[in-house]
Each structure stands twice: as C-alpha cells, then as structure tokens.
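Single-letter residue listing:
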Amino acid sequence: MRNILKTLYHDATKFYVSKPFPRRGEEFEIKIRVIKNDKIKGIYLRYRHLGEERIDKMNFSYEKNGLEYYTTKVKCFEDIFSYHFNVAIEDTIYSYTQYAVEDFRRDNSTNFKILMDYKAPSWMNKTVFYQIMPDRFYNARPDLTIKPGSYTYQGSKPINMEWDEIPLDYEDSKCMDFYGGDLYGVKEKLDYLQDLGINAIYFNPLFTSPTMHKYDALDYFEIDPSLGGEEALIELINEMKKRDMKIVLDISINHTSSSAKWFNKDGEFYEKSIGAYNNLDSNERDFYFINDDGSYHAWAGVPTMPTLNYGSEKLRNIIYKGEHSVLKKYLNEPFNIDGWRFDVADVMARNEKLNVYNEVWEEINKEIKDTNSEALILAEEWQDSSEMYNGRRWDSTMNYFSCELPIREFAGEKDVFTRRNPDLAKIDYKFNARQLKGRIVQFLKNQPTQIQYQMFNLIDSHDVTRLHNNPKIDYEVYKGAVITLFSLPGAVNVYYGDEKYLDGRIDSNEGCRYPMNWNDQLTSIQQETFDLYKKLIQLKTTNEALQFGGYKILFAEGDVFVSARFTEDELFIFTWTKSEEKEKIEIDLRQFGLYNELETIIGYGDFRIQDKTLILELQPKISSVLRIR
C-alpha cells in the first residue's frame, strides 16, 4: 500500500486546479492523481464551507499512462480555501496534505491552500531575472560618470575606477568608488541578455544618491543623472517592452540618507533651509523620529540612515497613497515598471517607537495592486515570513530562507548568520541532503502553491559574497548548486556576472560587486559556467514543466539530492551530488507515468530505464539534468 500512496499527487497549479487564481464564489475544479490500483475504495476532498465540515467524494475522470485522475468542483466564499484529501482503503483512512500521506488527520497548518481574489504577478513562475547594479555593469556614456572629488559626502569624496580595477574596501571608498556604468549601457547589452535567455531585469536602486549602491537615496522622485536620468530609464524600458522583458526596481522606504532632501542634516547637497532636521516647521518634520535635542531614530543605529515615520499620514501619501506618490510614479506612464523590490522590508514601519508594520504593508499592497494588479511586491526578508503571504501583503521574498541559505550550506558554506556569531562560527558542522530537503519542504508544506511558484530564488546577490568566489567550494559542487537553483518552483535570479564566473573576494560585500567582465575571450571555466547557465535558462523559459509543473524531492540522503519537475507528458530529473564516491539510486517512474524516452541534457553518468525504474549511477560530484517522456 505504501508504494501506491507514494504516487498520490496534487498541487494548486493549472494542471490540478482549473482556475489557479479563483475569485470568491467562483466555481473551480480540483484534481488529484494516483497510480491505477484495486486497493483504494474512494478519494475524498475534505474542507470547510463557511465553517461547516464537508467531505466530497471525488469522481473518476480519466486514466493516462497508468495513472488515474479524480476531480470534483467547489466554491469558496472566504479568503482562503484550505483543504486536504482522504484516501480510503479496506481498513484505513489516510490523510494527504501538502506535507505527507499519513494514517491520522493533521491540523490545518499543512493543508493545501488557495488564496481567493488574489491579485498575483502570474508571470513570475516562468521568469529568469538578471540582477544589475548599474554602476558595475557597462559604461556607455563616460560623459555621465561622476567626476572625482565633485562633492563631499560624510567626509569622503567620489573616486573614479578603471574597469579592470577591483572595488575598494568600504574603509577606503565609503562606497563611492565609481566605474561609470549607466542605463544606456544596459540598453546596449540587451541583445546579450536576450541571447542568454533572460526575460526580466531586477535593478538595484536607481535614485539620485551619493554612493554606488544607492540605498541612501537623496530624492526618490529623481533618477540619478550619472545613470542617464529619467530619459535613459524610459528609453531602456521602452526597448525592454519591445522584447517582452519585465523590469523590477529596488527601493528603500524604511530610511533615507541623512543628506536626503527631506532630512538634510548637514547641507551637503541642499541649502539648510530645506528639509526636516534643521527646520522645526518643515513639511517633512514628521516624516522622521526627531527628538527636541536633535537626536533621531536611525535604521540599525546608523546615523546616516534616519528611519522614516509611518505614523505620518502625510508620509504615507507621498510614498504610496497619493496619485503622484513615489511608488505610483514609476508604476504608471511613462515608466510602467512591473514591480517593486523593497529593501529591509522585514523591519519597515516598526521600531521601538511605533509598530504599524502589517497595516502599512496591507495599504501598500492595495495601492500597488489597484494601480497594476499584476505588479510584483518583492520583499527583502532573510527568515521565515509565512504570515506575510496572505494575498494582502507580499507576493514574494528574496528567497534566502528556503533557497539561498540551505543551498549554500549543502555546497559547503556555513549559514551567513551563524558565521557572524563568534561562538556558533567555531562549530564545524556538516549539512547533508536530508537537511537540505528539510529546509525546502518546511517552506513548501505551509505555503499556498500560488506563493511557492512565485518565490524569487537565488544563490547570490549584492548582499552576499558570490558562492563560486569561495575557494573552499569545489567547482563541480558549485555547478550542482546552480542546477538545483533552477529546479525549484518560482522565478530564478541570476546576479550579474555569475554566468561568467565573475571574479570577486569573500572578505566583504564589496567583493561581490566587481565590474562586469566584457572580455570576448573567456577562460575554460568561465565558458563552461556560461554554457551551463544558458542551457538552464533556456530550459526554464521554454518548458512548462519548469514553470507550472509539479515538484517532488525523490532522494535526499548523505551527499546526494535528487528532485523532479513534471507534467503529464514530461519529466525532468535534477541530481546534485557532492559525494566523492560513485552513487547508485533507483527511482520508480510509475508515479509519473513516464518511462519511454530518456535524454541526458546536462552532466553525464550511467543513466537507464529498466522495468519502469530509472537507474542513476552517478559519477563523483557530477550533477545532471535528465528529461523523460
């Protein structure tokens, strides 16, 4: 019976729910499948209808490739449709939830869930983002580049860098080492990105700022002139739209620079008669937490980053509520961006003085979705944030928690937060495939499929050193990490230069911000990495199985992790092994109903199908992608 139960499968994608984003009161069909057998007496959908417990027997619909499909129709009049399945045999009733098949009923926390009336960015599950820090990407207009010594910020002056120089440490540059990359440069390189297969760009902040990273905006309403200003951004967006490419901008509305137009503490860029700090009657005074003695609340205690006060209705209007607010300016003509990434979203609108966190996020969601229902609300969050995925707050997060952190740990790095703790950093722990599975599954078992399939999956970003720059990470193991990244449900983010094995160092964040490599001649390892990324991007953007298809972890023991993405007609197998020995694994393919044609797309090994079983004889540290039809 166990082998039959293992073949049960359901998710809330379009293959198993007729309307994956249903409206309240709208009828939709639920489907489940299982291997053809004579043991199961009935399959039942169990849910509550306006508080009333209901158990609906599902009807046999059709048989395909040895699998039987059962369906029933339902309506939901509440915010969330929460459900699981009962599977009846002669002497046992099993419960099938998003977590497992068990012979007892679990609480509702691991139920399958569908958000009703959810205005989702339905394009996310087929998207491969390319993340760009503009200053480090390509300099097409040297005349725009910030001139050395042209201003003073926090006691330091800008420095011009040659493209082949490495970024300076923070202590030596204060993040004002400029290479001169601009938005015209991105436009010139769109052919390169499109050839790579990229269909969306996520930009780090573009607003006028004295630093290269631009998280300390001076004015949200102005695109930095050194990047080309609004004219360059509009030109770029228009060209991207012609190519059917999405664009997401980054913004930090938790805090501004202490030199920002609204705050303007030291008069470095604006007359002191402007701004909140030096003017008690300033229009912006209540935008911040400024005390009578001149002290003020600052993010993480950093005095150059004063915290914004969302107790101010005036601030809420200018940031997101008003027709001409910051967020709506760029969502509307002539920009029409496709979404926002919110920096330090996890701490915004809450501190020791005021906590309006949930209230503000629900207001932001409403204003954005009323402007563009398909716009993405992407949050920076490093930990579990299940409470934010209710359809009224966030759409997605930078998936550090269940993607980047566990993948990097399995590859051989310690958790970034563990490394920062002097006591925990001393512990030389090992992270195995079972733990990797646990980290992934603990997220998937609790979240609606709609959320799972729009997560922003990544292994590198501007906030972490590049995995491949760590000399302790074996190159073949790194390739397995990249393969596994592309196997997960949701969108994929490629941090600029990762596809070319971009140089860097791991002693600071400046080490992951090297200028892009535009050399025509790549080294052998750079070329191999480029080919790997290009192949995986092509697979992701052209195959429904990797966009909407089911996801299963098939094997997770020791140093070997194997997963699958699948539809009724196509199956992809992803293997990641860091074992120094050959490993043999057998996968029963009857659960997928596909076992006729086997193709090796990436990697190598002895792979064969025998008696409807996939036999994987993995070579040491050689990961792979297989396709079965």
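The rules we used
- Residues numbered from 1 in each chain as written.
- Predicted model: local features only at pLDDT ≥ 70, side-chain atom pairs only at ≥ 80, totals over all residues.
- Heavy atoms only, no water.
- Pairing = 2+ DSSP bridges.
- Helix = DSSP H or I, 4+ residues; strand = E, 2+ residues; numbered from the N terminus.
- Axes fitted to C-alpha atoms, helices over the stretch in contact; angles between N-to-C directions.
- 1 Å grid on protein atoms, 1.4 Å probe; cavity = no way out; pocket = protein on both sides within 12 Å on 5 of 7 lines; lining within 4 Å.
- Points joined across faces, edges and corners; volume = space filled by probe spheres on them.
- Nonpolar A, V, L, I, M, F, W, Y, C, P; charged D, E, K, R; others polar.
- Buried < 20%, exposed > 50% of the residue type's maximum accessible area, 1.4 Å probe, protein only.
- Contact = heavy atoms within 4.5 Å.
- Polar contact = N/O pair within 3.5 Å; in protein donor to acceptor, adjacent residues only side chain to side chain.
- Expected span 1.5 Å × (residues − 1).
- Arc of directions from axis to C-beta.

Draft legend 1. Seen up close, the sheet that holds strand E26 (residues 598-602). Taken in spatial order, the five strands line up as E22-E23-E24-E29-E26 in an open sheet, and their pairing is antiparallel. Of all the strands in the sheet, just strand E22 (550-557) and E26 have a single pairing partner and so form its edges. Averaged over neighbouring strand pairs, the angle between their axes works out to 20° when direction is ignored. Across five bridges, strand E24 (residues 571-577) lies against strand E29 (residues 624-628) in antiparallel orientation. By the bridge assignment for E29, leucine 571 is matched with isoleucine 628.

Draft legend 2. Layout of unusual backbone geometry. In this model, glutamate 333 is joined to proline 334 through a cis peptide bond whose omega is 0°. Phi at asparagine 336 takes a positive value of approximately 55°, unusual for a residue other than glycine. Tracing the sequence through the fold places asparagine 336 in the loop between helix H7 (326-331) and strand E17 (339-342). Of note in the backbone geometry, tyrosine 501 takes a positive phi value of approximately 55° without being a glycine. When you line up the elements, tyrosine 501 lands in the loop between strand E21 (491-495) and helix H14 (524-542).

Draft legend 3. Structural view of the layout of surface pockets. Space inside the largest pocket adds up to approximately 1,300 Å³. Mapped onto the lining of the largest pocket, the elements with two or more residues apiece are helix H1 (2-5), helix H11 (433-444), helix H12 (449-452), E22 and strand E25 (583-588). In terms of residues, the lining of the largest pocket owes the most to one element, E22, which gives seven residues. In terms of residue class, the lining of the largest pocket is built from 18 nonpolar, nine polar and nine charged.

Draft legend 4. Main features of the sheet that holds strand E5 (residues 67-74). The three strands lie next to each other as E1-E5-E4, forming an open sheet whose pairing is antiparallel. Pairing within the sheet leaves two strands with one partner each, and these edge strands are strand E1 (28-35) and strand E4 (59-64). The mean inter-strand angle of the sheet, taken between neighbouring strand axes irrespective of direction, is 30°. Two strands pair when backbone bridges link them, and E1 and E5 are joined in this way by eight bridges, in the antiparallel orientation. Note that in E5 the partner of isoleucine 35 across the bridge is leucine 67.

Draft legend 5. Region of interest: the environment of aspartate 219. You can see aspartate 219 is positioned in strand E15 (residues 219-223). On the basis of relative accessibility, which here comes to 15%, the residue aspartate 219 falls in the buried class. Ignoring sequence-local partners within four residues, the contact set of aspartate 219 consists of Phe207, Thr208, Lys261 and Tyr270. Looking at aspartate 219, its side chain comes within polar contact range of the main-chain nitrogen of phenylalanine 221, at 2.9 Å.

Draft legend 6. Seen up close, the side chain of threonine 567. Relative to the elements of secondary structure, threonine 567 occurs in the loop between strand E23 (560-566) and E24. Take threonine 567: its relative accessible area is 12%, and that puts it in the buried class. A polar atom in the side chain of threonine 567 sits 3.2 Å from the backbone nitrogen of aspartate 569. Dropping the residues within four chain positions of it, threonine 567 is found in contact with Phe15, Arg33, Glu544, Ala545, Gly549 and Leu594.

Draft legend 7. Main features of helix H5 (residues 229-242). Here H5 spans 21 Å end to end across 14 residues, near enough to the 20 Å set by a 1.5 Å rise per residue. Burial in H5 covers these residues: Gly229, Ala232, Leu233, Leu236, Ile237 and Met240. For H5, the buried positions fall inside an angular range of 130° around the axis, keeping them on one side. Facing away from the buried side of H5 by over 90 degrees, the exposed positions are Glu231 and Lys242. In this fold, the buried residues of H5 make contact with helix H3 (183-188), helix H4 (190-196), strand E13 (200-203), E15 and strand E16 (246-251). Within two residues after H5, aspartate 244 carries a phi angle of roughly 60°, on the positive side.

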